[in-house]
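Okay, here's what each chain looks like letter by letter:
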Amino acid sequence: MLSFRAGSNAPAFAKGESGGSAPPDIPPSHPSGRPLPQLDKDMPSEPGRRLGWAVVGLGKFALNQVIPSFAESRSSKIVALVSGNRQKAEHVASRYGIAASNIYDYDTFDRIADNDEVDVVYIVLPNALHAEYTSRAFKAGKHVFCEKPMAVTVEECETMIRAGRDAGKKIMVAYRARFEPHNVEAVRRVREGGIGRVRLVTSDHGRILDPKNDPADQWRMVKSLAGGGSLYDIGIYSLQAARYLTGEEPVEVFGQISNTQDDPRFREVEDLVAFQLRFPSGALANLSSSYSTSPVKRIQAFGERGSLILDPATEYEGNRLIFRSEKGREEVKVKAASQFAAEMDHFSECVMENRDPKTPGEEGLRDLLIMQAVYRSAREGKPVSVEAESSVR
Ligand code: NDP
């Protein structure tokens, strides 16, 4: 193993070399290398242990969160861009040191097959385009990392999973909360029994849909691009929370939808969704999503011996976890780490080590099955069972 301790040119100050009485860690007065300090952040993997990623769709999320996060990643590097706007792509490429020859558009995307630098394709397009670009990426022989929701129909998810299997490639859905340190710690404590048996999860995700001021909200109003409204976009965080905190799959859902009358934003997609899940253990979840309420991103779990609250729960940064148990109330401090770099690195490492990712396509499919059941319940005005059966096994 390599030793980074001050080496042969260092004076005998290093511990164990100086005899019992010499002061141990005093640096010399001349320029001299020092031992490896304690690291707060992991260093990148050794060269050759980083997979090349192509990001498809250079929108708000890709440019503000995803691409900057490669700087904190150990096992993933950005090597290619796919965009319908060449000028923007060239600008981004020049800032991130990406070769202009590694810029593709939606027509030339399939040529990525000839680019050995690209191992993983990260799809950050409007929801209804996820399925097509996943299939094309698999055809090009690449692994796929796909934004949430995985797709807009159950059938699309099934096709994506099958295409990956046929190609011998992996797919992971980008559920960043599963890698966010406060959420990870909350799940760890719940699994350890810190709040006893979980009986109830509540979670609310809401924001104002603002297509006039935010171009990223324009396609979110269009059903053929978004697939659904607040449920698909942010209610999916509430749903995920109920699943990862209970550790169970819901058997029954009841959903209600309320759209403000005559609001042009909600001609095609839903605004407010309140939905309940019943789990096999008898635990319940009371969940919501909204495009017309002031911002909220909150998750709570109530157990027989304690409770926890994540508020905010799913921000990009600055989340908080309060834990209440028989020992009292605690604001839990966790080591800060980029949830984006963590999820990307997890996938790169799964590919390199041929492991199944934490949130594979089947996870995205399950959410689609449940969200479809919420819509069905709202239409029928009664609780419905979740169609757990899928043609994909
Ligand atoms: P944006 O509208 O900001 O970006 C989407 C990009 O997709 C566009 O900039 C464009 O890139 C490309 N695109 C291709 N065709 C179209 C089209 N017909 N209409 C609009 N854009 C198109 O959206 P977001 O970045 O907010 O969302 C993208 C995806 O990321 C969604 O699936 C969303 O759910 C997900 N997301 C996930 C988040 C998370 O926290 N995990 C947070 C926010 C979004 P170009 O100009 O380069 O061609």
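Rules used in this analysis
- Sequence order as written defines the numbering, with residues in each chain counted from 1.
- Whole-chain, interface and lining totals are the exception, using all residues; otherwise, since this is a predicted model, local features are given only for residues with pLDDT of at least 70 and side-chain atom pairs are given and counted only at 80 or more.
- The side-chain figures draw on all heavy atoms in the structure; neither hydrogens nor water molecules are used.
- Helical segments are the DSSP runs of H or I of at least four residues, strand segments are the runs of E of at least two, and each set is numbered from the N terminus.
- Only protein chains enter the accessibility calculation, which uses a 1.4 Å probe; a residue is then buried when its area is under 20% of its type maximum, exposed when over 50%, and partly exposed in between.
- Working rule for contacts: check all heavy atoms of both residues, and any pair within 4.5 Å makes them a contact.
- Computed with the Shrake-Rupley method and a 1.4 Å probe, the accessible areas treat only the protein chains shown as cover for residues.
- What a helix is expected to span follows from its residue count: subtract one and scale by 1.5 Å.
- Two axes are fitted around each residue, one to the seven residues ending there and one to the seven starting there, and the angle between them is reported as the bend at that residue.
- Neighbouring residues are identified by heavy atoms, a residue being near a molecule or strand if any of them is within 4 Å of it.
- Between N or O atoms, a polar contact is any pair within 3.5 Å; within protein, one atom must be a potential hydrogen donor and the other a potential acceptor, and residues adjacent in sequence are included only when both atoms are from side chains.
- We call Asp, Glu, Lys and Arg charged. Ala, Val, Leu, Ile, Met, Phe, Trp, Tyr, Cys and Pro are nonpolar, and the rest, Gly among them, are polar.
- We define the nonpolar core as a collection of buried residues of types Ala, Val, Leu, Ile, Met, Phe, Trp, Tyr and Cys that are connected through side-chain atoms lying within 4.5 Å of one another.
- Two rings from Phe, Tyr or Trp (for Trp, the six-membered ring) form a pair when their centres sit within 6.5 Å of each other. Planes less than 30 degrees apart are called stacked, planes more than 60 degrees apart edge-to-face, and all others tilted.
- Any Lys NZ or Arg CZ that is within 6 Å of a ring centre and within 35 degrees of that ring's normal is treated as a charge sitting over the ring.
- Here pLDDT means the predictor's own confidence in every residue, given as a number from 0 to 100.
- In short, DSSP must find at least two bridges between two strands for them to pair.
- Axes here mean lines fitted to C-alpha atoms, for a helix over just the part in contact, with angles spanning 0 to 180 degrees between N-to-C directions.
- For any pair of crossing helices, the crossing counts as left-handed if the nearer helix is rotated counterclockwise from the farther one by less than a right angle, and right-handed if it is rotated clockwise.

### So, the overall build of the chain
Thought 1: Helix and strand counts for the chain stand at 9 helices and 15 strands.
Thought 2: Principal axes of the C-alpha set define a box for the chain whose edges measure 80 × 60 × 45 Å.
Thought 3: Considering the chain as a whole, with its 393 residues, one finds that 51% of them fall into the buried category.
Thought 4: Intrachain contacts of the chain at a sequence separation of at least 6 include 69% that bridge at least 24 residues.
Thought 5: Total accessible area on the chain stands at roughly 19,100 Å², and carbon and sulfur atoms take up 49% of it.

### Regarding helix H7 (residues 230-246)
Thought 1: Taking 1.5 Å per residue, 17 residues should reach 24 Å; H7 reaches 23 Å between its end C-alpha atoms and fits that length.
Thought 2: If you look at H7, its biggest bend is around 45°, right at Ile236.
Thought 3: Taken from the residues just after H7, Gly247 is the one with a positive phi, measuring 70°.

### Quick look at the site of the ligand
Thought 1: Residues in contact with the ligand amount to 24 residues; listed here are only the nearest, Lys60, Ser83, Lys88, Tyr106 and Arg176.
Thought 2: Ser83 is positioned such that a nitrogen or oxygen atom in its side chain is 2.6 Å from an oxygen atom of the ligand.
Thought 3: Compared with its free state, where it exposes 880 Å², the ligand has 82% of that area covered by protein.
Thought 4: A breakdown of the residues in the shell around the ligand according to their chemical character gives 12 nonpolar, 6 polar and 6 charged.

### Here's the deal with the nonpolar core
Thought 1: Judged by nonpolar contacts, the single largest core of 78 residues is most densely connected at Leu245 and Leu277.
Thought 2: Per-element tally for this core: the top contributor is H7, with 10 residues.
Thought 3: Once residues lying within four places of it in the same chain are set aside, the contact partners of Leu277 are Leu239, Ala242, Pro250, Glu252, Val253, Ala283, Leu284, Ala285, Leu287 and Ile370.

### Concerning the packing of aromatic side chains
Thought 1: Applying the stated rule across the entire model yields 13 aromatic pairs.
Thought 2: Connected via pairs of aromatic rings, a cluster forms that spans Trp53, Phe70, Tyr122, Phe145 and Phe347.
Thought 3: Over the ring of Tyr316 we find Lys297; its NZ or CZ atom is 5.9 Å from the centre of that ring.
Thought 4: A cation over an aromatic ring shows up here: Lys358 above the ring of Phe179, its NZ or CZ 4.7 Å from the ring centre.

### What about the confidence of the model for the chain?
Thought 1: Chain-level pLDDT for the chain is 93 on average; 93% of the residues reach the 70-or-more range.
Thought 2: Mean pLDDT across the secondary structure elements of the chain bottoms out at strand S15 (residues 384-385), with 96, and peaks at strand S5 (residues 143-146), with 99.
Thought 3: Across residues 1-19, where pLDDT falls below 50, the model places 21 contacts with residues more than four positions away in sequence or in other chains.

### A look at the side chain of Ser203
Thought 1: Tracing the backbone through its elements, the reader meets Ser203 in strand S7 (residues 198-208).
Thought 2: Within the structure, the side chain of Ser203 is placed 2.9 Å from the backbone oxygen of Arg298, a separation counted as a polar contact.
Thought 3: Setting aside its immediate chain neighbours within four residues, Ser203 contacts Ser238, Ala241, Asn286, Leu287, Ser288, Arg298 and Ile299.

### Notes on the sheet that holds strand S3 (residues 103-104)
Thought 1: Pairing within the open sheet is parallel, and its 6 strands lie in the order S3-S2-S1-S4-S5-S6. Lying at the two open borders of the sheet, with one neighbouring strand each, are S3 and strand S6 (171-173).
Thought 2: In the sheet, strand S4 (residues 120-123) pairs with S5 via 4 bridges, with the strands oriented parallel. For Ile123, the partnering residue across the bridge sits in S5 and is Cys146.
Thought 3: Relative to the sheet, helix H1 (residues 60-69) contacts strand S1 (51-56), strand S2 (76-82) and S4, its axis offset from that of S1 by approximately 165°.

### A few points about the side chain of Asn115
Thought 1: When you line up the elements, Asn115 lands in the loop between S3 and S4.
Thought 2: Since its relative accessible area comes to 8%, Asn115 is described here as buried.
Thought 3: If we ignore the near neighbours within four places in the chain, the residues touching Asn115 are Asn102, Tyr104 and Lys142.

### Some points on helix H9 (residues 361-380)
Thought 1: In this model H9 runs 29 Å from its N-terminal to its C-terminal C-alpha over 20 residues, within 8% of the 28 Å that 1.5 Å per residue would give.
Thought 2: A positive phi of about 70° marks Gly381, the residue just after H9.

### Section: the packing of H1 against helix H8 (residues 339-353)
Thought 1: Close contact between H1 and H8 brings their axes to 8 Å; oriented N to C, the two are set at 65°. Where H1 crosses over H8, the two elements pack in a sense that is right-handed. Residues Phe61, Gln65, Val66 and Ser69 of H1 form the contact with H8, whose own contacting residues are Phe340, Ala341 and Met344.

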